[in-house]
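# Commentary on secondary and tertiary structure
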Amino acid sequence: MIKLNFVKDKQAKEAAAKAAAGPGGPKQSPGEIRLAKDISELTLAKTMTINFPDGPSKIAHFIITIKPDEGYYKQGKFTFEFVVPVNYPHEPPKVKCTQKIYHPNVDTDGNVCLNILREDWSPVLSISSCVYGLNFLFMDPNPDDPLNKEAARDLTETPKQFELNVRRAMQGGRVGGENYSVVT
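Bear in mind that the values here come from a model prediction, so they are computed numbers and not experimental data. Every chain begins its residue count from 1, and numbering advances along the sequence as written. Residue-level local features of this predicted model are given only where pLDDT is at least 70; pairs of side-chain atoms are given and counted only at 80 or more, and the full residue set underlies all totals for whole chains, interfaces and linings. The basis for the side-chain values is all heavy atoms of the structure; hydrogens and waters are excluded.

## Side note on the pairing of strand 2 (residues 61-66)
For a regular strand, side chains alternate in direction, first toward one face of the sheet and then toward the other. Spelled out, the test is: Using a 1.4 Å probe on the protein chains alone, a residue whose accessible area is under 20% of its type maximum counts as buried, one over 50% counts as exposed, and one in between counts as partly exposed. What counts as a helix is a DSSP run of H or I of at least four residues, what counts as a strand is a run of E of at least two, and both are numbered from the N terminus. When DSSP finds at least two bridges between two strands, those strands are taken to pair.
Summarising burial for strand 2: six of the six residues are buried, a large majority. Both faces of strand 2 are covered, namely the face carrying His61, Ile63 and Thr65 and the face carrying Phe62, Ile64 and Ile66. As paired strands, strand 2 and strand 3 (residues 78-83) are joined by six bridges and run antiparallel to one another. For isoleucine 63, the partnering residue across the bridge sits in strand 3 and is glutamate 81.

The structure is reproduced here in structure tokens:
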């Protein structure tokens, strides 16, 4: 379990502020409470890190970095920005890859095709579900539900070419008319 002491500290400070403000003071929404719980219970693999760019009190916006240690994307470093909506957990977090990557399930604008971030989202899912779903996309890209159709076709029809294209893109090369930046 990732120990995020600042989440617990934040909750303690907010509880103290509520007590000081009296019964009409500011309250945490159910979504904020659930998000704090999800973050505090998040267990990250050794290939993942989390960062809160707006500070520890702004947990609705965070960055997950994934450094795959196997598969096509081994030795890469990929960052995903999470923005958690006010209606969480009734709405999924908005997730975007911050760099351009050659992947069947991520388009060149960073949009991610992961079913639990769209039609299969349910309030019983958590931030952990999303993080592990992203990690799984690097271990086993899904050519059957692509955003990048060229990458999906290469993965299905010519896996060796797909592997070469992934390496070329990760090294800052050009693939299929797109320029990529180094991601290692």
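## Quick look at the packing of aromatic side chains
In plain terms, the rule: Side-chain rings of Phe, Tyr and Trp (the six-membered ring for Trp) are treated as a pair once their centres are within 6.5 Å; stacked means planes under 30 degrees apart, edge-to-face means over 60, and tilted covers the remaining angles.
Applying the stated criterion across every chain yields a total of ten aromatic pairs. Centre to centre, the rings of phenylalanine 52 and phenylalanine 62 are 5.8 Å apart; their planes meet at 50 degrees, and the pair counts as tilted. You can see phenylalanine 52 sitting in the loop between strand 1 (48-51) and strand 2 and its partner phenylalanine 62 sitting in strand 2, a full ten residues away along the chain. Of the two residues, phenylalanine 52 and phenylalanine 62, both sit in the buried class. Judged by centre distance (4.9 Å) and plane angle (85 degrees), the ring pair of tyrosine 72 and phenylalanine 162 falls under edge-to-face. Here tyrosine 72, found in the loop between strand 2 and strand 3, pairs with phenylalanine 162, found in helix 5 (residues 159-170); they are 90 residues apart in sequence, far enough to count as distant. Residue classification places tyrosine 72 among the partly exposed residues on the basis of a relative accessible area of 22%.

## Brief notes about the pattern of salt bridges
Which entries qualify depends on this criterion: Here, a salt bridge means any Lys or Arg side-chain nitrogen found within 4 Å of an Asp or Glu carboxyl oxygen.
Scanning the entire structure with this criterion turns up six salt bridges. For lysine 46, the salt bridge identified is with aspartate 69, shortest N-O distance 2.9 Å. With lysine 46 in the loop between helix 2 (30-40) and strand 1 and aspartate 69 in the loop between strand 2 and strand 3, the pair connects residues that are 23 residues apart, well separated along the chain. The structure contains a network of salt bridges with shared partners spanning Arg118, Glu119 and Asp145.

## Some points on the packing of helix 4 (residues 149-157) against helix 5
Under the convention used in this document: Helix axes are fitted only over the stretch in contact, all axes being lines through C-alpha atoms; the angle between N-to-C directions runs from 0 to 180 degrees. The cut-offs work like this: below 35 degrees is roughly parallel, past 145 is roughly antiparallel, 65 to 115 is roughly perpendicular, and the gaps in between are oblique. The contact rule is simple, with two residues in contact once any of their heavy atoms fall within 4.5 Å. We call Asp, Glu, Lys and Arg charged. Ala, Val, Leu, Ile, Met, Phe, Trp, Tyr, Cys and Pro are nonpolar, and the rest, Gly among them, are polar.
Contact pair helix 4 / helix 5: the axes reach a minimum separation of 5 Å and the direction vectors enclose 135 degrees. With respect to helix 5, the axis of helix 4 lies oblique. On the side of helix 4, the interface is formed by Ala151, Asp154, Leu155, Thr156 and Glu157, while helix 5 contributes Pro159, Phe162 and Asn165. Its residues assigned to classes, the contact of helix 4 with helix 5 shows four nonpolar, two polar and two charged.

## Side note on the environment of valine 112
Considering the arrangement of structural elements, one finds valine 112 in the loop between strand 4 (94-97) and helix 3 (127-139). In sequence terms valine 112 and phenylalanine 80 are 32 residues apart; their C-alpha atoms lie 9.4 Å from each other. Those residues in contact with valine 112, other than ones at most four positions away along the chain, are Phe80, Val95, Cys97, Asn105, Leu117, Leu134, Leu137 and Leu147.

## Concerning the pairing of strand 4
The two faces of strand 4 differ: Val95 and Cys97 on one face are buried, but Lys94 and Lys96 on the other face are not. Here strand 3 pairs with strand 4 via four bridges, running antiparallel. Directly across from phenylalanine 80, in strand 4, lies its bridge partner cysteine 97.

## Details of the nonpolar core
Stated precisely, the cut-off is as follows: Nonpolar cores are built from buried Ala, Val, Leu, Ile, Met, Phe, Trp, Tyr and Cys residues. Side-chain atoms within 4.5 Å join them into one set.
Judged by nonpolar contacts, the single largest core of 44 residues is most densely connected at Phe62, Phe80 and Phe82. Looking at this core, the elements that each hand over two or more residues are helix 2, strand 1, strand 2, strand 3, strand 4, helix 3, helix 4 and helix 5. Contacts of phenylalanine 82, omitting those with residues within four sequence positions, involve Ala60, His61, Phe62, Ile64, Pro93, Lys94, Val95, Cys130, Val131 and Leu134.

None of this, on its own, says anything about what the molecule does.
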